[in-house]
Amino acid sequence: MTVVVVGSIAFDAVTTPFGERGRMLGGSAVHFSLSASFFSDVRVVGPVGDDFGEDEYAVLHDRGVITDDIERIESGKTFFWRGHYDYDLNTARTDETQLNVFGEFEPKLSEDSKRADTLFLANIQPDLQLEVRNQCKAARLAGLDSMNLWIDTARDSLVRAIGAVDLVLMNDAELRMLTDEPNLARAAAAVRALGPRIVVAKQGEYGAALFSEEGFFALPGYPLEDVLDPTGAGDSFAGGFLGYLDAHREDGLSEPVLQRAMTYGSVMASFNVEEFGTERVRRLTIDEINERFAEFKHMTHFEAIPIEVRAAR
Ligand code: AMP
C-alpha cells in the first residue's frame, strides 16, 4: 500500500485578499503528500536545494511521509513560486517562478518507489512526468495533473504523458483549453479518448466532476465561509482521491469506491483552503476528516419520491 508522487517541492510566496506569506513550504508534491498520508503510505520524489532544512523535512516526517527519494542538491536552491489571488479565489495569478533545482532535475526512483502500486504525476514538465511513469512500471493506477503553462509550451509532451496514465485530474478550464472543446462533457470524452479511463474536472469552489466508463458523478465544494488561501487545493484533492483509492485498491474502481474517493478528495481540499499553505492540513485529525465526510453525505443525499399525476382542472 504505497503512493508515489513526483512534483514540485517548493517555497511559495502567496498574497490573497485575506493575508500573505512571504516564504512558506509548498509545492504540488508537498500538498499531495500531506493529504494522501491520511489514507496510505506516501513516498515523495523531487529535488530540493540546500535551503530546504530540517523544519521543512519535519512537516513531511510528522505525517509519516517517506522522503528517501527527495534529492537534496548542495549549493542549489529550492523551486520558488510567487503568486496572488484577487477576490476570485478560483484563479491563481503567477507573478514569479524560479525553477532552480528543477531546471536540471533527472528523476531517479529508488527500487521501493518503482514497486509502488499507485503513482501521482503532480504538475511538472510533462516529459519529466512521462519519464517517471516509465520508471514506475509496477503502478497499477497512475494519475496526472497539469496546468495552462504546459498546455501552451509542451502540448505534444503532455498528450504523450496523458496517454500513459489511467486518470487525469485537471481544472475544468484547462481541460477545455487542452481539447479546444468548450463543453466539459465533450472535453472529458476527448481526454479519455487519449487513453485514461477516468477524468476528474476540478472546479474550484464549485466542486469536482468525475467522468468514467460507469458514467458521471459530481460533488459541490464544501460551503466554507472563510477561505484564506486556495493554493494547493487541487493537490490536496488529488491526495485524498488517490490515497483512498490506493488504500482500497482490492475493491477495484467501482462506482461506489470512486464516489467515496471523490468525497475524500473534496474533504481534504476544503480543509487545505481554510488557512495558508500547509498550515491547516498539518494539524488535521482523522476525526475531523470523518466528520466532514459525513457532512458531505448529508449535503448530497436525497430520496427519490416521484410526484403523483394531478387531476386536470
Ligand atoms: P494547486 O493545487 O494547483 O493550487 O498547486 C499549488 C502549488 O503548485 C504551489 O504550492 C506551487 O509551488 C506549485 N506550482 C506553481 N507553479 C508551478 C509550476 N510551474 N510547476 C510546478 N509546480 C508549480
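Located above this text is the structure these notes cover.
Residues numbered from 1 in each chain as written. Predicted model: local features only at pLDDT ≥ 70, side-chain atom pairs only at ≥ 80, totals over all residues. Heavy atoms only, no water.

A. Examining the pairing of strand S12 (residues 208-212) more closely. Of all 5 residues that make up S12, 5 are buried, and the element is covered over most of its length. Residues Ala-208, Leu-210 and Ser-212 point to one face of S12 and Ala-209 and Phe-211 to the other, with burial holding for every one of them. Where strand S11 (residues 198-202) folds back onto S12 in an antiparallel hairpin, the turn is made up of 5 residues, including Gly-204, whose phi is positive at roughly 55°. Two strands pair when backbone bridges link them, and S12 and strand S13 (residues 215-219) are joined in this way by 5 bridges, in the antiparallel orientation. Among the inter-strand pairings, Leu-210 is bridged to a residue of S13, identified as Phe-217. With antiparallel pairing between neighbouring strands as the criterion, S12 and S13 make up a hairpin whose turn holds 2 residues. (Buried < 20%, exposed > 50% of the residue type's maximum accessible area, 1.4 Å probe, protein only. Helix = DSSP H or I, 4+ residues; strand = E, 2+ residues; numbered from the N terminus. Pairing = 2+ DSSP bridges.)

B. Quick peek at the site of the ligand. With respect to spatial proximity, 17 residues lie near the ligand, and among them Ser-8, Asp-12, Gly-27, Gly-232 and Asp-235 are the closest. A distance of 2.8 Å separates a nitrogen atom of the ligand from a polar atom in the side chain of Ser-8. Surface burial for the ligand is 86%, taken as the share of its 520 Å² of free accessible area covered by protein chains. Breaking the shell around the ligand down by element, the ones donating at least two residues are strand S2 (10-16), helix H1 (28-36), strand S6 (79-84) and helix H9 (233-247). Ranked by residues supplied to the shell around the ligand, first place goes to H9 with 3 residues. Its residues assigned to classes, the shell around the ligand shows 6 nonpolar, 9 polar and 2 charged. (Near = heavy atom within 4 Å. Polar contact = N/O pair within 3.5 Å; in protein donor to acceptor, adjacent residues only side chain to side chain. Areas by Shrake-Rupley, 256 points an atom, 1.4 Å probe, with all protein chains shown as cover. Nonpolar A, V, L, I, M, F, W, Y, C, P; charged D, E, K, R; others polar.)

C. View of the packing of helix H10 (residues 255-272) against helix H12 (residues 286-300). At their nearest, the axes of H10 and H12 sit 9 Å apart, and the two run at 120° to each other. Relative to H12, the element H10 lies oblique. Judged by the sense of rotation from one axis to the other, the crossing of H10 with H12 is right-handed. Judged by residue contacts, Arg-260, Thr-263, Tyr-264, Ser-266, Val-267, Met-268, Ser-270 and Phe-271 of H10 engage Glu-288, Ile-289, Asn-290, Arg-292, Phe-293 and Phe-296 from H12. (Axes fitted to C-alpha atoms, helices over the stretch in contact; angles between N-to-C directions. Parallel < 35°, antiparallel > 145°, perpendicular 65-115°, else oblique. Left-handed = near helix turned anticlockwise from the far one by under 90°. Contact = heavy atoms within 4.5 Å.)

D. Local environment of the side chain of Ser-212. In this fold, Ser-212 is placed in strand S12. On the accessibility criterion, Ser-212 (7% relative accessible area) is buried. If near-sequence neighbours (up to four positions away) are discounted, Ser-212 is found in contact with Arg-192, Arg-197, Ile-198 and Leu-258.

E. The packing of helix H7 (residues 172-179) against helix H8 (residues 184-192), seen in detail. At a minimum axis distance of 9 Å, the contact between H7 and H8 shows a crossing angle of 65°. The crossing of H7 and H8 is left-handed. Counted together, Asp-172, Leu-175, Arg-176, Leu-178 and Thr-179 of H7 and Leu-184, Ala-187, Ala-190 and Val-191 of H8 form the full contact between these two elements. Looking at side-chain class alone, the contact of H7 with H8 contains 6 nonpolar, 1 polar and 2 charged residues.

This is a description of form; function is not addressed.
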